[in-house]
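# Descriptive structure summary
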Amino acid sequence: MEDISSGFYRRISTGVKGLDDLIGGGLIPGRVYVVTGPPGSGKTTLGIQFLVEGAKNWEKGVYISLVDDPKTIIQDMFHYKFNLLSFIRSKK
């Protein structure tokens, strides 16, 4: 169990430059986070960037979409140079 008396929790990096500093060092493990916003606001990009950051650290992750086709997401993320295909191919 985390020590809450100090007000400090171990954090996980989002992989988004500046966001971790803004939210106190990253996301707290074991918590549920919901990202909302209109189309084009960056929800998918944030989710993919978070998964790529985890893959860089040998963590496994999964992205589930009920709306977008996987090929569309991969194409949309290509211009960010996340190296997403290599992570998918290596099953990271």
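Below you will find a few notes about this structure. No experiment lies behind these values; they were computed from the predicted model shown. (Residues numbered from 1 in each chain as written. Predicted model: local features only at pLDDT ≥ 70, side-chain atom pairs only at ≥ 80, totals over all residues. Heavy atoms only, no water.)

### Section: the overall build of the protein
Secondary structure summary: the protein contains 4 helices and 0 strands in total. Reading the helices (α) and strands (β) of the protein from amino to carboxyl end gives α-α-α-α. Seen along its three principal axes, the alpha-carbon backbone of the protein occupies a region of about 45 × 30 × 25 Å. For the protein, the proportion of its 92 residues judged to be buried stands at 18%. Total accessible area computed for the protein in this model is approximately 7,300 Å², and 59% of it derives from carbon and sulfur atoms. (Helix = DSSP H or I, 4+ residues; strand = E, 2+ residues; numbered from the N terminus. Buried < 20%, exposed > 50% of the residue type's maximum accessible area, 1.4 Å probe, protein only. Areas by Shrake-Rupley, 256 points an atom, 1.4 Å probe, with all protein chains shown as cover.)

### Details of the layout of surface pockets
Volume-wise, the largest pocket comes out at about 600 Å³. In terms of lining residues, the largest pocket is bounded by 21 residues, among which L27, Y33, V35, G47 and F50 are the most central. The biggest single contributor to the lining of the largest pocket is helix 2 (residues 43–56), with 6 residues. Residues belonging to the lining of the largest pocket are distributed by class as follows: 15 nonpolar, 4 polar and 2 charged. If you add up the space inside the second largest pocket, you get close to 370 Å³. In terms of lining, the second largest pocket is formed by 17 residues, of which the most central are I48, L51, Y63, L84 and I88. Among the elements of the structure, helix 2, helix 3 (70–78) and helix 4 (84–89) are those that each provide at least two residues to the lining of the second largest pocket. (1 Å grid on protein atoms, 1.4 Å probe; cavity = no way out; pocket = protein on both sides within 12 Å on 5 of 7 lines; lining within 4 Å. Points joined across faces, edges and corners; volume = space filled by probe spheres on them. Nonpolar A, V, L, I, M, F, W, Y, C, P; charged D, E, K, R; others polar.)

### Describing the packing of aromatic side chains
Throughout the structure, instances matching the rule amount to 1 aromatic pair. Aromatic side chains Y80 and F82 sit 5.2 Å apart centroid to centroid with 10° between the ring planes, which places their arrangement in the stacked category. Stacked on the ring of W58, the Lys or Arg K92 has its end atom at 3.4 Å from the ring centre. (Phe/Tyr/Trp six-rings, centres within 6.5 Å; stacked < 30°, edge-to-face > 60°. Lys NZ or Arg CZ within 6 Å of the ring centre and 35° of its normal.)

### Quick notes on a nonpolar patch on the surface
On the surface, V62, I64, L66 and V67 cluster together into a nonpolar patch covering about 540 Å² of accessible area. Inspection of the secondary structure puts V67 in the loop between helix 2 and helix 3. (Patch = residues over 30% accessible without salt bridge, like charges linked within 9 Å, V, L, I, M, F, W, Y side chains within 5 Å. Salt bridge = Lys/Arg side-chain N within 4 Å of Asp/Glu carboxyl O.)

### Brief notes about the environment of D20
Locating D20 in the fold gives a position in helix 1 (residues 19–22). Owing to a relative accessible area of 13%, D20 belongs among the buried residues under this scheme.

### Focus: unusual backbone geometry
We note that K81 has phi near 60°; this positive angle belongs to a residue other than glycine. Mapped onto the elements, K81 comes out in the loop between helix 3 and helix 4. A residue is classified by how much of its surface remains accessible, and K81, at 73% relative accessible area, is exposed. Phi is positive for K91, close to 60°, though the residue is something other than glycine. What makes K91 exposed here is its relative accessible area of 67%.

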